[in-house]
Structures are given as C-alpha cells and as structure tokens.
Amino acid sequence: MSLRSIKSSRSLRLTLRFVIPLIVVMTLLAYLLVPLVDKMTLKWSVRDLDARSRLITSAFQEPLGELLLQGNKTKINNWFARVIQDERLYALGYCDGTGRLLYHTASFPAALGCSLPGTSSYDSPALLQLPRGLVHVAVNPVSVDGVSRGSLMLVHDMSYAQRRSEDTRKYIVVFFIVLCLIVSFITVLIAHLSWRGWIAGVRMFLRGDEINRSFPESSHSELQPLVGDLKALLRAVDAEKRLDDDMTFTWDAAALRTLLHKQLMGDQIIVVSNREPYIHVKTAEGIKVNRPASGLVTAVEPVMRACSGTWIAHGSGTADYDVVDKKDHVRVPPDHPEYTLRRIWLSKEEESGYYYGFANEGIWPLCHIAHVRPVFRTSDWLQYMAINKRFAAAVISEAQRDDPVILVQDYHFALLPDMIRRAMPRATVITFWHIPWPNPESFGICPWREELLKGMLGSTILGFHTPFHCTNFLETVDRYLEARVNYASSTIARHGSMTLVEAYPISIQFPPAGHARLPAIAQCRDYVRKEMNIEKTCLIGLGVDRLDYTKGIIERLRALECMLENHPDMVGRFCFIQIAAPSRSEIEDYQAFDARVRALAAQINLKYSAPGYLPVHLKVEHHEPEEVNLYYRAADVCMVTSLHDGMNLVAKEYVAARDDEQGVLVLSRFTGAAHELYEALIVNPYHIEQTADALYQALTMPVFEQQARMCSMRSMVSNFNIYRWAARMLLDAARVRQREKLADRIGVQL
Ligand code: G6P
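What this report covers is the structure whose coordinates are included nearby. Residue positions are given per chain, counting from 1 as you read along its sequence in written order. Only residues with pLDDT of at least 70 get local features here, since the model is predicted, and only at 80 or more are side-chain atom pairs given and counted; chain-wide, interface and lining totals rely on the full set of residues. The basis for every side-chain value is the complete set of heavy atoms in the structure, and neither hydrogens nor water enter the calculation.

1. Things to note about unusual backbone geometry
Okay, step 1: Here the bond from V332 into P333 is cis, since omega is -5 degrees, no more than 30 degrees from zero.
Okay, step 2: With respect to the helices, strands and loops of the structure, P333 is situated in the loop between β10 (329-332) and β11 (339-344).
Okay, step 3: Its identity is not glycine, yet H495 carries a phi of approximately 50 degrees, on the positive side.
Okay, step 4: To qualify as a helix, a DSSP run of H or I must reach at least 4 residues; to qualify as a strand, a run of E must reach at least 2; elements of each kind are numbered from the N terminus. The residue H495 is located in the loop between β16 (491-494) and β17 (497-503) in this model.
Okay, step 5: If you check the backbone angles, E661 has positive phi at about 55 degrees while not being a glycine.
Okay, step 6: Judged by its relative accessible area of 30%, E661 is partly exposed. Relative accessible area decides the class of each residue, using a 1.4 Å probe on protein chains only: under 20% of the type maximum gives buried, over 50% gives exposed, and in between gives partly exposed.

2. Details of the site of the ligand
Okay, step 1: Distances are taken per atom, and a residue is near a molecule or strand as soon as one of its heavy atoms is within 4 Å of it. Residues in contact with the ligand amount to 13 residues; listed here are only the nearest, R275, S294, Y355, D410 and R584.
Okay, step 2: Here a polar contact means two N or O atoms within 3.5 Å. Within protein one must be a hydrogen donor candidate and the other an acceptor candidate, and residues neighboring in sequence count only if both atoms are side-chain atoms. Contact distances for the ligand include 2.4 Å between an oxygen atom and a side-chain N or O atom of Y355.
Okay, step 3: Between an oxygen atom of the ligand and a side-chain N or O atom of R546, the distance comes to 3.4 Å.
Okay, step 4: Only the protein chains shown count as cover for residues, and the accessible areas themselves come from Shrake-Rupley with a 1.4 Å probe. Across the complex, the protein chains shield 91% of the 370 Å² of accessible surface that the ligand would expose by itself.

3. Focus on the packing of helix α7 (residues 295-307) against helix α22 (residues 722-745)
Okay, step 1: Fitting a line to C-alpha atoms yields each axis, with helices limited to the stretch in contact; the angle taken between N-to-C directions then spans 0 to 180 degrees. Between α7 and α22, whose axes approach to 9 Å, the crossing angle comes to 70 degrees. With respect to their mutual orientation, α7 and α22 come out roughly perpendicular. In contact with A299, V300, P302, V303 and A306 of α7, α22 contributes I722, Y723, W725 and A726.
Okay, step 2: Only Asp, Glu, Lys and Arg are considered charged in this grouping, and only Ala, Val, Leu, Ile, Met, Phe, Trp, Tyr, Cys and Pro are considered nonpolar; every other residue, Gly among them, is considered polar. Looking at side-chain class alone, the contact of α7 with α22 contains nine nonpolar, no polar and no charged residues. Put simply, angles under 35 degrees are roughly parallel, angles over 145 are roughly antiparallel, angles from 65 to 115 are roughly perpendicular, and the rest are oblique. Contact between two residues is taken to exist if any of their heavy atoms lie within 4.5 Å; hydrogens are not considered.

4. Points about the side chain of N605
Okay, step 1: Looking at the secondary structure, you find N605 in helix α17 (residues 588-608).
Okay, step 2: The class of N605 is buried, set by a relative accessible area of 12%.
Okay, step 3: Within polar-contact distance, the side chain of N605 engages the backbone nitrogen of V616 at 2.8 Å.
Okay, step 4: Beyond its immediate stretch of four places on either side in the chain, N605 contacts L614, P615 and V616.

Okay, here's the thing in structure tokens:
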C-alpha cells in the first residue's frame, strides 16, 4: 500500500471515528426535540385562537345583539355565513341561555351542539378531532345592553397550525443537519491538526534532536513537554524492564531461543566475523577441526548454537574449501550441527591488505593503548573496503527476508553496517566492537576516520564492552562528523537514521560447554604436572593469551621475576606456565614480540632454574579449549595482565573453570573484566613491583579467602553470562524494531 493511500485511509478512518458518533447524537437530539416543538406550536396556536375568538366575539357583540333582537333567522344565518369567510374561522353557532343551538352556519359540526367536548361548561376552549381535521372550539358569552344573551360558538380550523408545526419540524431537521455538518467539519479539522502535531511530536521524539533543526523549537513549543514526558516515561520503563530482567531472570540457551522467537518473531540471525568458529586443517592423519584462540569466537559461538542461523566468516583453514558445499556452506559444530557456516575466500594479497594490514596494523594498535604505532597504507585501505563489500554481498545473498537481524563483529568490518543498511534498509544491524575505542585525539590520526565512523553509523545498535568506550565513541563522532550526538540517550542521529550506542559487557557460556565431563581438580593438577614435568610441591601460575603485544606478557614475566627476586623462598616452589597461541605472525611487530617473550622467558629460566625445576614454561602453540580448561583447573593463580583489553575472557574462563571455588585471579585494571570481577587482585601491569606483590599475595592467600573471592566472581559470571549479553542486545534490537514499525505505520522516516 502506498504512503498516500495509507494516509487517505487513515484520514477516512479518522473522519468516520469523529463524525458517526456526532450524527448519532444529533439524530437523537432531533428525535427528542421534534415532539416538544410540536407540542409548543400547538399550545401557541391554541392561545392565539383563544385570543382571536375573544376578539371576534367582542367585535360582533353589537351587530349580533341587534340581529338577535330582530330575531330574523335567515338574516342571522347569512351574516354568520359572511363572517366565516375568514380563512381560519370554519364555523359559527349561537346558543341561547338554555343551551339550544338557534343559529349556525352550515359547516357547524352537528355532533358539537352547545356543549364542549370533554367539558360541561362553555368557558374553556377545546380541541376537537373532526373527519376534516382538528378544530378549535371557543364558546364566548354574548350580552346585549348589559344583559346576557347566550353564547357564540366559534370553530376555528386548526390545519394551519398543523402546517406550521410541519414547517417547524422541517426547519429543525435542516437546522440539525447544518449544525451537524459544521460541527463535523470543525471536529475533523481540529483532529487533523492535532494528529499532525502529534505526528510531528512523535517524529521529533523518534528522530531525537535532529528534528529540532527542521522544526525550530519555538514553533512546536507546545509539544515539548509532551515529548519530554514521553521520552522520560519510555526511558524509565526501559530502565525498569532492564533492571527487572537483570535481577530476576536467569539467561540460558533455551531462554535466548524463546526470546528470539517471541520478541523477534523468529527473525533470521546472521553473524559476520572475520575469524571463523571452526577451522578445517589438513594433517598427516586427515582433516582435523581446530577452534581458534579468539575471545570473539568463544563468546559468539554459544549464542549461534542457541539461535541457529548463518555465520559468515573468512575460510582460513587449509582444508576449509574441501568440506563446503557449492554455496560455500558447512554445517557446524561438525559432530552435532546446529547452524550454518558460510565461508568467504580471500586471496593472499587480499588477506594481507585487509586483515594483516588495515585491521591489524592499523585499527588494532589505533584502538589499544599499548604504545605500538598504527600503520596506515592506502593499498590496505582499498583492500579493506573491497573485502567489506564482499562480506556485504554475502550477507545480502544469505538473507532470506528483507529484515534480518545481523550481528556484525569487530573492527574488521567498520564499513559493513552502512553497506548493509543501504542494501537492506529494514535490516536490524547490531555491531559489536570487541576491542576498546580510543579517545577522539588518538582516533583522529586515522586518515580514513570519517569513512570508518560513517560506516559504523549504519548500525541500529553499536555495542562496546564499557560505558567508557561508548563515551569515547560519542565524542569521536561529535568531533569528526556532522551528526546529532545525544549523550543523554546515547544515540547518534545522522541522515535520518539513528544508532543507539550502548555498553554490553561480553561474557562466556556458564557453566562452560563439556564442563560435566572435565576431570576433577586433583586429576587436572596431576595431568599438568606430568605434562610439564613439575614437582608436586610446586605452586602453579598460569597465563593464557594469544601472543599479542597488548596482553602484557612481558610485564607479567618481569613481575614474576621480580617476585622470585623479592621472595627467594618461592624459587623452586613456584613455576609459571604461559600458553601463548601464535597470532598474526606475518606482522613484524608480532614477530618482534614473539622473540622478546621467548628471550625474557629464557633469561628468567637461566637465572632461576635448577635441576628438575624450570620457573617459566612457555608453550607457544595452539591449544584446544578442553585442554586449556585442564590448565585452568590446575592453576593456583591465573595472571591476566593486559596493557589494554576490551574485556578479556580468559579472566572469566578461569573463574568459570573453578567449580572448587579455589584459585586466585590477578587482573589488570586496564581490562573490561576488571569492571566486573572486583574480587580479583587488581593490578597495574606497568607497575612491576605492584604486580609482583599481587602474585605473591595470590600464592600465599588462605583457602577461605580464595573461596570467598572465587565464589563471588563465579556468581557474577554465572549471572552475567553470554546469553544475557546476547539477550540484552536482542531485546534492545526488538525495541528498536518495534519503534521502526511504529514509525512506518505513522508514516515517519526515522
Ligand atoms: C581479538 C579480536 C577478535 C579476534 C581475536 C583473535 O579478540 O577482538 O576479533 O578474532 O582477537 O585474533 P585473530 O586475528 O586471530 O582473529
């Protein structure tokens, strides 16, 4: 249906809604008024005829007296006949004092005689229904020279009164029709104007401040309180609902599925990320499936398993191509498929420009404060644009309807949201930025800063881990783009579309997948000790990271070296296992970092090792999540010392793995996780002595304190798990979709 026809049918509905009740009321009024008016008209006519009868009688007293004295019947009757030529006087009669009708006109009703119908006297007038119609009968006394001489009976025709009454009735009906039309017109006009005003108000509300430019406040000032109240009310309801939801509901896979079906009517979910959740690799034993070391994948994969749908990602494994169908689809997880993975192929050159170059040498160091300089090359930028386009085309080809929910993941796809929005304006694009967002000055050094921001503003919802990153983003847009940034509602309006910028701290599945099958803590310890050749008496410290300069691995090793220096009793009683997944190893900064970590580990080992004792065990290799869990369960302390990290899920994984409620977490204050896991030992990794002290405190912490801290952190991670993270975004998306539908219905372009 076109907008025009929607509008005209709406005004028709509006008109009918006002006019029909009005017509009903008016008809009812007319129905009640007409008999009343009839009655009054009759009363007036009777009073009129009474007076007339008295006037005629008094005018005829003299001539009639003379004629009566003469007693000439013919003369009297002729005189009577002349008198009734008056159009209203219908008949005339004369009764003597004894009540005999002596003279009368031919028209005098025979049935009347000298008495009035329904009365015994002659003094009051009466109405009489004759076959010819209603007549008025008046009996007036006649006196001659002061002597009473009978009475004159005057019969007036009442048909004129009936005609008058009919005319009045007609006038009343016409009057009511005209009144009805005028009132209808005025009502519809007022309704139309207030509808337009309301629409303008709603539009102003829906669009945020942007509307204020096109509708200056002064001209719509009467709507301001209404809009303000409406906004405040909706925000309060929203906040209340969120709080309720946060406090009372336990989110799990089933609840998330229900939410998807109820709130989003089972709408299609498409996830887009660079890293794929399952990597097929060729090995000597055949094709093997690896799961990557990626916080993003750890978090999003359980959501996808709960929601089904399609996950679009770069097919980076050596055997990836061998297992897909002709649409480049493969069902995953491989052992019990629950959703579809669509793989996108990149050439070496494309991967080098888009992934290694622009994403990981440009945006990654740009967004992390780790003192590694970003590198921006035009050739990388061109590849980045081209690959974003390719993924956008894949999203469009995978979409089964024009309004899917698309979850765009991370800094590899800053341009994708706008590309999708242009192709599918009705899609709900939720972009989640898994890494920190810098302040406007830092971000400003990117030569394509405006393009990146514009691309991201194609999102319906833009999520960061912390409110601090949201504020940084709002300020960055405010600084570099022509857009309406509303800090109070955390929204950005630009070119008629709106983006909600919100903090959604990411999390993990709780309890972790396959948790029930994990060996007991003691067994895990035995396994790890055996594996690493560690003495039973030795306390175990653990670090699990990608080999990335943002993770603070150097600072961590320095801190443990410092701790051994400060507490020589720990030498031989404590060793540290660093699991480091090789990462982005084509990039020079990463190669250099790898070399520095290895050198420092070797240096510490050289200093403190003894026969059968190695303080640092550096394992630079890929580990599957199940194996990492064995290490978590075996470790007395886990060190997360990132220099800057959006969230850091290793911290949460360690907590989730410790169902014995023991073990201590040392956590960098520069991670998003530090805003949630308050019971960890929070450190500044740049402060080596402080971190060393925290490590020592962890190793010597009494069990009851470990339990108290761990118990509280576990309750946090279990409550604020990955399903809640996804649910909060999807609920917000559902709200935005409802608002868009409302805007659609009232013909407002957001
Ligand atoms: C970070 C990023 C993810 C990325 C992961 C692993 O967590 O936010 O997007 O997948 O690192 O990095 P990689 O380059 O191996 O995918």
